[in-house]
Amino acid sequence: KLAEETKNPKKIVPKAVILSLLFSSVIYVLVAVAAVSIMPWNELAISGSPLADVAALSFGALAFLVISVIALFSTGNTVLMIMVTTSRLVYGIAAENKIFKWLSNVDKKTQTPLMAILLVCLITIIFAIIGDLTIVASLANLSIFVVFGIVNVSAIVLRYKKPGKRGFKMPLNIGKFPVISLLGLLTSLFMIFFVFKTLL
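Conventions adopted
Residues numbered from 1 in each chain as written. Predicted model: local features only at pLDDT ≥ 70, side-chain atom pairs only at ≥ 80, totals over all residues. Heavy atoms only, no water. Helix = DSSP H or I, 4+ residues; strand = E, 2+ residues; numbered from the N terminus. Buried < 20%, exposed > 50% of the residue type's maximum accessible area, 1.4 Å probe, protein only. Contact = heavy atoms within 4.5 Å. Areas by Shrake-Rupley, 256 points an atom, 1.4 Å probe, with all protein chains shown as cover. Patch = residues over 30% accessible without salt bridge, like charges linked within 9 Å, V, L, I, M, F, W, Y side chains within 5 Å. Salt bridge = Lys/Arg side-chain N within 4 Å of Asp/Glu carboxyl O.

What am I meant to see in the overall build of the protein here?
Counting secondary structure elements, the protein contains 7 helices and 2 strands. Helices and strands in the protein line up, N terminus first, as α-α-α-α-α-α-β-β-α. The principal-axis extent of the C-alpha atoms belonging to the protein is close to 55 × 45 × 40 Å. Counting across all 200 residues of the protein, residues that qualify as buried make up 18%. If you take every contact in the protein between residues at least 6 apart in sequence, the share linking residues at least 24 apart comes to 42%. In the structure as shown, the protein presents an accessible area of about 14,900 Å², 75% of it carried by carbon and sulfur atoms.

Any chance you could explain the environment of T112 here in plain terms?
Mapping T112 onto the fold places it in the loop between α4 (62-95) and α5 (114-130). Sequence separation between T112 and A71 is 41 residues; the distance between their C-alpha atoms is 29 Å. Sequence-distant contacts of T112, that is, excluding residues within four places in its chain, are made with R88, N105, V106, D107 and I117.

Help me understand a nonpolar patch on the surface in this model?
Taken together, the side chains of I18, L19, L22, F23, I27, V31 and L51 define a hydrophobic patch exposed on the protein surface, amounting to about 670 Å² of accessible area. Sorting elements by how many residues they give to the nonpolar patch places helix α1 (residues 9-38) first, with 6 residues. Among the structural elements, I18 can be located in helix α1.

Here is the structure:
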């Protein structure tokens, strides 16, 4: 539902998603290449904090402080992004569901889904109270992969139930069946299995 808060969403939102994925992938690859060129891969494999070790090897003891500050800001940014997108997702579902219609209420002053935001904030506080960062991170990852899985299933189902109602064209299809959605679903299921394995 963030598309409703964007100018020309049919053009801008898909482009923004694709560009962000491309930029993120390039940065990850460059960081991995830089790390391996500074520190042997076998040492990185057994390291508890490989990026911090690489930074310390290059810049000395001050690197740990710099990495900690960067990690703090990046984590805060990620949490904020997840909270914003989740609240809009909750709002979108509630707007089409009579049972949870109260979650689709929009604040008159800010024009934002206030009740959905408060619900997400409450869930976030509960996660924070858990205290174990590993469990919280795993649960957050699990929720993201579940959402991705649902989105891919929805794309497949909508191809058959509402074939003419879509604002964009998805490449790589076998008839009506979207191959990319199937690959996305399989990847999501694999990641869900992996997260469950780390939790157990």
